[in-house]
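Residues per chain, in single letters:
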Amino acid sequence: MTTTNTRMPVTKAVVPAAGLGTRFLPATKATPKEMLPVVDKPAIQYVVEEASAAGLSDILMVTGRNKRALEDHFDRAYELEELLARKGDEDKLRRVRESVSLANMHYVRQGDPKGLGHAVLVAEQHVAGQPFAVLLGDDLIDPRDPLLSRMIEVQQELGGSVVALMEVEPSQIHLYGCAAVEANGFGADVFHVTDLVEKPEVADAPSNYAVIGRYVLDPAVFDVLKKTEPGRGGEIQLTDALRTLSTLGAEEGGQVHGVLFKGRRYDTGDRADYLRAIVRLACEREDLGPEFRSWLKNFVGTEMQG
Ligand code: UTP
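Here the structure is a predicted model, which is why all the values come from computation and not from measurement.

About the criteria used
Residues numbered from 1 in each chain as written. Predicted model: local features only at pLDDT ≥ 70, side-chain atom pairs only at ≥ 80, totals over all residues. Heavy atoms only, no water. Pairing = 2+ DSSP bridges. Helix = DSSP H or I, 4+ residues; strand = E, 2+ residues; numbered from the N terminus. Core = buried A, V, L, I, M, F, W, Y, C linked by side-chain atoms within 4.5 Å. Buried < 20%, exposed > 50% of the residue type's maximum accessible area, 1.4 Å probe, protein only. Contact = heavy atoms within 4.5 Å. Near = heavy atom within 4 Å. Polar contact = N/O pair within 3.5 Å; in protein donor to acceptor, adjacent residues only side chain to side chain. Areas by Shrake-Rupley, 256 points an atom, 1.4 Å probe, with all protein chains shown as cover. Nonpolar A, V, L, I, M, F, W, Y, C, P; charged D, E, K, R; others polar. Axes fitted to C-alpha atoms, helices over the stretch in contact; angles between N-to-C directions. Left-handed = near helix turned anticlockwise from the far one by under 90°. Phe/Tyr/Trp six-rings, centres within 6.5 Å; stacked < 30°, edge-to-face > 60°. Salt bridge = Lys/Arg side-chain N within 4 Å of Asp/Glu carboxyl O.

> Sorry if this is basic, but what is going on with the pairing of strand 9 (residues 177–183) here?
Look at any regular strand and the pattern is simple: side chains alternate between the two faces of the sheet. Here seven bridges tie strand 9 to strand 10 (residues 190–198), and the two strands are oriented antiparallel to one another. Looking across to strand 10, one finds that Ala183 is bridged to Phe191. Hairpin connection of strand 9 to strand 10: six residues between the antiparallel strands, including Gly185 at a positive phi of 75°. As paired strands, strand 9 and strand 11 (residues 209–217) are joined by two bridges and run antiparallel to one another. Residue pairing in the sheet places Cys178 in a bridge with Ala210 of strand 11.

> Even after reading the chapter, I still don't get the nonpolar core, so can you show me in this structure?
Most often, soluble globular proteins have nonpolar side chains that are buried together. Formed by 39 residues in total, the largest nonpolar core has its most connected members in Ile44 and Met61. Of all the secondary-structure elements, those providing two or more residues to this core are strand 1 (12–17), helix 1 (43–53), strand 4 (58–63), strand 6 (132–135), helix 7 (148–158), strand 8 (161–167) and strand 11. In contact with Met61, not counting residues within four places along its chain, are Val15, Ala17, Ile44, Val48, Leu70, Phe74, Met105, His106, Tyr107 and Val108. Grouped together as the second largest cluster of nonpolar side chains are 35 residues, Ala18, Ala179, Tyr215 and Val221 included.

> Mind showing me how you'd approach the site of the ligand here?
In the vicinity of the ligand, 19 residues are found, and the nearest of them are Gly19, Thr22, Glu34, Gln110 and Gly115. A distance of 2.9 Å separates an oxygen atom of the ligand from a polar atom in the backbone of Ala18. One of the backbone nitrogen or oxygen atoms of Gly19 is found 2.8 Å away from an oxygen atom of the ligand. Relative to its free-state accessible area of 580 Å², the ligand is covered by the protein chains to the extent of 85%. Elements supplying a minimum of two residues to the shell around the ligand: strand 1 and helix 5 (116–121). Per-class residue counts for the shell around the ligand are eight nonpolar, six polar and five charged.

> What should I look at first to understand the packing of helix 8 (residues 220–227) against helix 9 (residues 238–247) in this one?
Taken N-terminus to C-terminus, the directions of helix 8 and helix 9 make an angle of 115°; their axes are 9 Å apart at the nearest point. Our pair here, helix 8 against helix 9, has a crossing hand that is right-handed. Contact residues: Ala220, Val221, Val224 and Leu225 in helix 8; Leu238, Ala241, Thr244 and Leu245 in helix 9.

> For this particular structure, what's the right way to read the packing of aromatic side chains?
The geometry of two aromatic rings is summed up by the distance between their centres and the angle between their planes. Applying the stated criterion across every chain yields a total of five aromatic pairs. Consider the rings of Phe132 and Phe222, whose centres lie 5.2 Å apart with planes at 5°: the pair is stacked. Remark: Phe222 occurs in helix 8 and Phe132 occurs in strand 6; sequence separation between them is 90 residues. Between Trp295 and Phe299, the ring centres sit 5.0 Å apart and the planes meet at 15°, which makes this aromatic pair stacked. With Trp295 and Phe299 both in helix 11 (residues 289–303) and four residues apart, this pair spans about one turn of that helix. With a relative accessible area of 26%, Phe299 lands in the partly exposed category.

> What exactly am I supposed to notice about helix 8 here?
One turn of the α-helix equals 3.6 residues, which is why residues spaced by three or four share an orientation. In terms of burial, helix 8 is largely enclosed, as six of its eight residues are buried. Of all the residues in helix 8, the buried ones are Ala220, Val221, Phe222, Asp223, Val224 and Leu225. Elements in contact with the buried residues of helix 8: helix 5, helix 6 (124–127), strand 6, strand 11 and helix 9.

> Looking at this model, I keep getting lost on the side chain of Thr63. Mind explaining?
Examined against the element boundaries, Thr63 turns out to sit in strand 4. Residues in contact with Thr63, not counting those within four places in the same chain, are Ala17, Ala18, Leu70, Tyr107, Val108, Arg109 and Gln110.

> Got a minute to help me understand the pattern of salt bridges in this structure?
For side chains of opposite charge, pairing can occur when their charged atoms come near one another. Taken as a whole, this structure holds 27 salt bridges when the rule is applied. For the salt bridge of Asp138 with Lys33, the shortest nitrogen-to-oxygen distance reads 2.8 Å. Taken together, the residues span a long stretch of sequence, with Asp138 in the loop between strand 6 and strand 7 (139–141) and Lys33 in the loop between strand 1 and strand 2 (37–38) at a distance of 105 residues. The same class applies to Asp138 and to Lys33, which are both buried. Between Arg285 and Asp287 there is a salt bridge whose closest N-O contact spans 2.9 Å. Assessed through its relative accessible area of 23%, Arg285 is described here as partly exposed. Residue classification places Asp287 among the exposed residues on the basis of a relative accessible area of 54%. Among the charged side chains, a salt-bridge network with shared partners connects Asp40, Asp91, Arg94, Arg95, Glu98, Arg285 and Asp287.

Take it as geometry only, folks, not as evidence of what the structure does.
See the structure below:
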């Protein structure tokens, strides 16, 4: 078992972005779904901004096929920058450069997309024995509802690993990993996770608490992942590894805690949620909002009738 020191600070984030994104075909035939724009920024930039805002300046992105667009997005674009500079277009120049200085970006290939658990496992060498955050590249948390900093705080206080939980309708639980929880006295939003099940049928779900795409993990997860057999969908599931971790003692890097999130979250890998994210964020934008809201009101009030 890897030796762990749970009180080591969390400084690194791993962002898995190597999934096939089949729900978004054909858009994802040649482009990773994480590059799909949410208003005018790719989804992945919101995720990297979130990690950076939580103080994580070292980000390892796990990429798959079509990785170039992801790497290019966080790199300089000299020709474009020069052109905009020559035109004196400072605003667009600032927007082009915004993504470059957010964090120290590193990349690793997953090879075969064998599941989220496998994507996390390829980060082992980079993480180098420290607790680390995982942010799913297609899961967007509204920046006004901070979650990751609270999860890091809980990990630093309690050790072990921390998952993010969100209450969902029972009819939706089959789409998520689901957690059985009990109070642990650390705060109204923090639970001890006693069991985890990946995408259960509603009758088998131990609760309405869905695991969403933010984790702070003890490096003991790597040894567990290496022994985790492919589960649902033939993929190595992170949820299965976390379930094993929840049964281990604290001295083995075990124990899983859950932080309940009540804020705004969008699964940009799901087409309907992707559309909701765009509409909501566009409505709230200072530059686009007023015109878009007025169009939307008219659209809903007239064209949507009947
Ligand atoms: P999803 O469960 O949404 O899978 O992955 P997917 O394959 O990308 O999407 P669909 O279902 O075919 O449309 C959740 C997150 O885990 C990453 C994805 O990129 C996404 O950010 N992932 C998933 C990997 O990095 N590798 C994998 O093997 C699987």
